[in-house]
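Examining the three-dimensional arrangement
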Amino acid sequence: GAVVSQHPSWVICKSGTSVKIECRSLDFQATTMFWYRQFPKQSLMLMATSNEGSKATYEQGVEKDKFLINHASLTLSTLTVTSAHPEDSSFYICSASRGVGYGYTFGSGTRLTVV
Amino acid sequence: GEDVEQSLFLSVREGDSSVINCTYTDSSSTYLYWYKQEPGAGLQLLTYIFSNMDMKQDQRLTVLLNKKDKHLSLRIADTQTGDSAIYFCAETEDSSYKLIFGSGTRLLVRP
């Protein structure tokens, strides 16, 4: 159990376009989902925490208008990178949790390349 | 804020034991985790330990926690080439529920 599906696995887009990444919990209800960004050979940086039905809480230094997060249901959260630029190229990973004490399940990640 | 640190690289021979170390600063950490990441993939939970425990063993994995020194270690017995990956320690605390990762240790297992 506890499977999280993240799509797409990789995406290439042109500068100025927007890209949406989906994170779905397949066999459990995720009250909280997290979005991370990982640069090559670096650690995971938490971008934001989203709770179903409420606005996401962004970490310091993360642009809310650039990285739009929607957690519309207990099984789906989306991250939209708006007006993407080459510096937004990175590996984005989501994780989902059904609550405190239940741990975190990670998606397989999305490699975004902006050209 | 919270800070979690790890050594960047470890190289061992196949069959030897590997010990990956981690230090953290947040004394209110309730759970501490070890994750494995293979190239281009997400994170796989290996094991976790609750802060009131000193040790946890799960097959080839042994986790030791020294809460006084805020030091966490992961020992992998009989290390195999398939264990080559990046290993992250992570902590979470009651108040924020956020998972904070260390910098990751790249483990290379030589045949």
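Before going into details, it helps to say that this report is about the structure given with it.

About the cut-offs
Residues numbered from 1 in each chain as written. Chains lettered and ligands numbered in written order. Predicted model: local features only at pLDDT ≥ 70, side-chain atom pairs only at ≥ 80, totals over all residues. Heavy atoms only, no water. Helix = DSSP H or I, 4+ residues; strand = E, 2+ residues; numbered from the N terminus. Rg over C-alpha atoms; globule rule 2.2 N^0.38 Å. Buried < 20%, exposed > 50% of the residue type's maximum accessible area, 1.4 Å probe, protein only. Contact = heavy atoms within 4.5 Å. Lys, Arg positive; Asp, Glu negative; His and termini not counted. Charge placed at Lys NZ, Arg CZ, Asp CG, Glu CD. Disulfide = S-S within 2.5 Å. Pairing = 2+ DSSP bridges. Axes fitted to C-alpha atoms, helices over the stretch in contact; angles between N-to-C directions. Core = buried A, V, L, I, M, F, W, Y, C linked by side-chain atoms within 4.5 Å.

Topic: the overall build of chain B
- Secondary structure summary: chain B contains zero helices and eleven strands in total.
- Listed by position from the N terminus, the elements making up chain B come as β-β-β-β-β-β-β-β-β-β-β.
- For chain B, whose C-alpha radius of gyration is 13 Å, the value lies close to the compact-globule estimate of 13 Å for 111 residues.
- Here the C-alpha coordinates of chain B stretch approximately 45 × 30 × 20 Å along the principal axes.
- With 111 residues in all, chain B has 46% of them scored as buried.
- Long-range pairs, those at least 24 residues apart, make up 56% of the contacts in chain B with a sequence separation of at least 6.
- Separation of charge centres in chain B, based on 11 positive and 15 negative side chains, amounts to 4 Å.

Overview of the state of the cysteines
- For the coordinates displayed, the defined rule picks out two disulfides over all chains.
- Covalently, A:Cys23 is tied to A:Cys94 through a disulfide, its sulfur atoms 2.0 Å apart. The disulfide joining A:Cys23 to A:Cys94 has a torsion of about 80° about its S-S bond and is therefore right-handed. Taken together, the positions of A:Cys23 in strand β3 (residues 19-25) and A:Cys94 in strand β9 (residues 90-97) put the pair 71 residues apart, joining distant regions of the chain. Like A:Cys94, A:Cys23 is buried.
- The disulfide bridge from B:Cys22 ends at B:Cys89, spanning 2.0 Å between sulfur atoms. The S-S bond linking B:Cys22 to B:Cys89 shows a torsion near 70°; that makes this disulfide right-handed. Separated by 67 residues along the polypeptide, B:Cys22 in strand β3 (residues 18-24) and B:Cys89 in strand β9 (residues 85-93) bring together distant segments of the chain.

Things to note about the sheet that holds strand β7 (residues 61-66) of chain B
Residues and elements named next belong to chain B.
- Read across the open sheet, the five strands follow the order β1-β3-β8-β7-β6; overall the sheet is antiparallel. Here the strands that pair on one side only, and so sit at the sheet edges, are β1 (4-6) and β6 (55-58). Between one strand and the next, the sheet's axes are offset by a mean angle of 15°, whatever the strand orientation.
- Bridging between β7 and strand β8 (residues 71-76) involves six bridges; their strand directions are antiparallel. Of the residues in β8, the one forming a bridge with Leu-64 is Ser-73.

As for the nonpolar core
- In terms of nonpolar packing, the biggest core is built from 25 residues, with A:Trp35, A:Phe67, A:Ile69, A:Leu79, A:Tyr92 and A:Leu112 touching the most fellow members.
- For this core, the secondary-structure elements that each account for two or more residues are β2 (10-13), β3, β4 (32-38), β5 (44-51), β7 (67-73), β8 (76-81), β9 and β11 (110-114) of chain A.
- Discounting residues that sit within four places of it in the chain, A:Leu112 has contacts with A:Val11, A:Cys13, A:Val19, A:Val81, A:Asp88, A:Ser89, A:Ser90 and A:Tyr92.
- Counting 21 residues, the second-largest nonpolar core is a separate cluster that includes B:Val4, B:Leu61, B:Val63 and B:Ile76.

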